[in-house]
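Chain by chain, the residues run as shown.
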Amino acid sequence: MSEIFQGSFTQQEPIPEAGIEAAIAVMRGGRLHRYNTAPGETSETALLEQEFAAYVGAKYCLAVASGGYAMATALRALGVKPGDKVLSNAFTLAPVPGAIAALGAEPVYVGVTEALTIDLDDLEAKIGEASVLLLSHMRGHIVDMDRLMAICDAAGVRVVEDCAHTMGAAWRGRPSGRFGAVGCYSCQTYKHVNSGEGGFLVTDDPEVAARSIMLSGSYMLFERHDAAPSPEAFAQIKYETPNISGRMDNLRAAILRPQLADLDTQCARWTERYQVLEDGLRETPGLQIIPRPEEETVVGSSFQFLLLDWSGDKVGDVLARCGARGVELKWFGGAEPVAFTSRYDSWRYAPTPSLPKTDRILAGIIDMRVPLTFSREDCAQIARIIKAEVSAVYQAS
Ligand SMILES: *Cc1c(COP(=O)(O)O)cnc(C)c1O
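Attention in this report is confined to the structure presented alongside it. (Residues numbered from 1 in each chain as written. Predicted model: local features only at pLDDT ≥ 70, side-chain atom pairs only at ≥ 80, totals over all residues. Heavy atoms only, no water.)

**A short note on the overall build of the protein chain**
Which entries qualify depends on this criterion: Strands are runs of DSSP state E lasting at least 2 residues, helices are runs of H or I lasting at least 4, and numbering of each runs from the N terminus. Whether a residue is buried, partly exposed or exposed follows from its accessible area with a 1.4 Å probe, protein chains only, as a fraction of its type maximum: under 20%, in between, or over 50%, in that order. The criterion used for residue contact is that any of the two residues' heavy atoms lie within 4.5 Å. Using a 1.4 Å probe, accessible areas were evaluated by the Shrake-Rupley method; residue-level cover was limited to the displayed protein chains. Neither His nor the chain ends is counted toward charge; the positive residues are Lys and Arg and the negative residues Asp and Glu. By convention, charge coordinates are those of NZ in Lys, CZ in Arg, CG in Asp, or CD in Glu.
Within the protein chain one finds 13 helices and 14 strands. For the C-alpha atoms alone, the extent of the protein chain along its principal axes is close to 70 × 50 × 35 Å. Each of the 397 residues in the protein chain was classed as buried or not, and the buried ones make up 55%. Long-range pairs, those at least 24 residues apart, make up 73% of the contacts in the protein chain with a sequence separation of at least 6. Carbon and sulfur atoms provide 51% of the accessible area of the protein chain, an area that totals close to 16000 Å². Across the protein chain, the centroid of the 37 positively charged side chains sits 3 Å from that of the 50 negatively charged ones.

Here's what the structure looks like:
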């Protein structure tokens, strides 16, 4: 009888006790709104912003309602207007083009390589089409940031980094989110810290920071932000900037602060699990491991591999056989969007370009979550199951 994996791919760890205690204290106090403070009190949200700014080494940080909200706010703060084009990844998640569409702007998709990162040759070819790139470090794969920034800087293109999957990751030791003008992060349950929903935006640019704070719904209380530029930065901006409410609240901030304190430990645990999966899947016939460059500090909160140039039917067989043994895999090659997984040609509110090289890769991308409730033994078992099923389908062909 072949082994069956019993774990749940969507089960995260509990909130740390310190976060639960802090959340209860906020609820007992009744001051859940970030600007509702007792005399002399600094709100949990303002403290969290200082701590996150320090964690990534940014001058300014704003905590918001979601990662998608952070990205849309960053684009607005950079002056993207309705009808403008914004460069972005063809391989990403729906909130990324969604953030562009939220402004009435239009995504221009850049292709993906076999490393699952943005195709820098394609980016170079399209760089003249927009003045902003919304760069998604999709599933934690970090592109050569030196070359990417050189291309964008030479063209005067400003970069917003979507770090939903790279909180805690780095390129040549520099934290992801600290290369472009703005870094955006998500605190949604499936990311690296969990407050249900939530997000951050970080920047060193005082104008972008001031605009973002006003946009998020600070009213004239922007002086209650500590990870913010000085009040002079708001002198004009406070009149010019609409309030598009999307603040974080003190309850979520209270849950997040102890998680942020633990983040490096958690990232190391993810990476251990990733290594076990990678080692277990090496030398599987027909299966391509994604190379990770040595400049990259990986946070392995999810795992991908390629079944490149496999027929859709064969990929479907692998998914079904693994699923029957408890291993839940996602596929980016499906014709229809399913659950969290969709492709650039499903986002029909925006023009769909022809990207044949990208289509070939998307058709082979297999993806799975690696929650920290999985032990290393679990990961070894998952790898054994995938290896056996991929081999069986491959050899039958
Ligand atoms: C989750 C996610 C986001 C933003 O998520 P929210 O749910 O809005 O916090 C952005 N980009 C990617 C790639 C994501 O997976």
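Let's pick the thread back up.
**Examining the pairing of strand S3 (residues 106-110)**
The side chains of a regular strand alternate between the sheet's two faces. Selection rule: Strands are treated as partners if at least two bridges between them are detected by DSSP. Crossovers are described as right-handed under a simple rule: with the strands pointing away from the observer, the path leading from the first strand over the helix to the second runs clockwise.
Of all 5 residues in S3, 4 are buried; the element is thus mostly enclosed. Pairing of strand S2 (residues 85-89) with S3, which is carried by 5 bridges, proceeds in the parallel orientation. Looking at the pairing, Val86 lines up with Pro107 of S3. As for the winding sense of the linkage, the β-α-β connection from S2 through helix H4 (residues 95-102) to S3 is right-handed.

**With respect to the nonpolar core**
Spelled out, the test is: Note on terminology: a nonpolar core comprises buried Ala, Val, Leu, Ile, Met, Phe, Trp, Tyr and Cys residues joined through side-chain atoms within 4.5 Å. Domain extents, as shown, originate in an automatic or database domain assignment.
Formed by 46 residues in total, the largest nonpolar core has its most connected members in Phe52, Leu123, Leu133, Met145, Leu148 and Phe200. Sorting elements by how many residues they give to this core places helix H6 (residues 145-155) first, with 5 residues. Taken domain by domain, the makeup of this core includes at least three residues from each of domain 1 (17-261) and domain 2 (263-396). In this structure Leu123 touches Leu87, Val110, Leu133, Leu148, Ile151 and Cys152, once residues within four positions along its chain are discounted. Within the second largest apolar cluster, 33 residues are counted, among which are Ala74, Val96, Val182 and Ala228.

**Some points on the site of the ligand**
Put simply, the test is: Proximity is defined per residue: if any heavy atom of the residue lies within 4 Å of a molecule or strand, that residue is considered near it. Polar contact criterion, stated in full: a pair of N or O atoms within 3.5 Å, where within protein one must be able to donate a hydrogen and the other to accept it, and residues adjacent in sequence count only if both atoms are side-chain atoms. Amino acids outside the nonpolar list (Ala, Val, Leu, Ile, Met, Phe, Trp, Tyr, Cys, Pro) and the charged list (Asp, Glu, Lys, Arg) are all regarded as polar, and Gly is one of them.
Taken together, 17 residues lie near the ligand, and Gly67, Gly68, His165, Ser186 and Lys191 sit nearest. Gly68 is positioned with one of its backbone polar atoms (N or O) 2.7 Å from an oxygen atom of the ligand. One of the side-chain N or O atoms of Asp162 is found 2.8 Å from a nitrogen atom in the ligand. When the ligand is considered free in solution it has 380 Å² of accessible area, and contact with the protein chains removes 92% of it. Element by element, the count of residues in the shell around the ligand is highest for helix H3 (residues 67-77), at 3 residues. Residue composition of the shell around the ligand, by class: 6 nonpolar, 9 polar and 2 charged.

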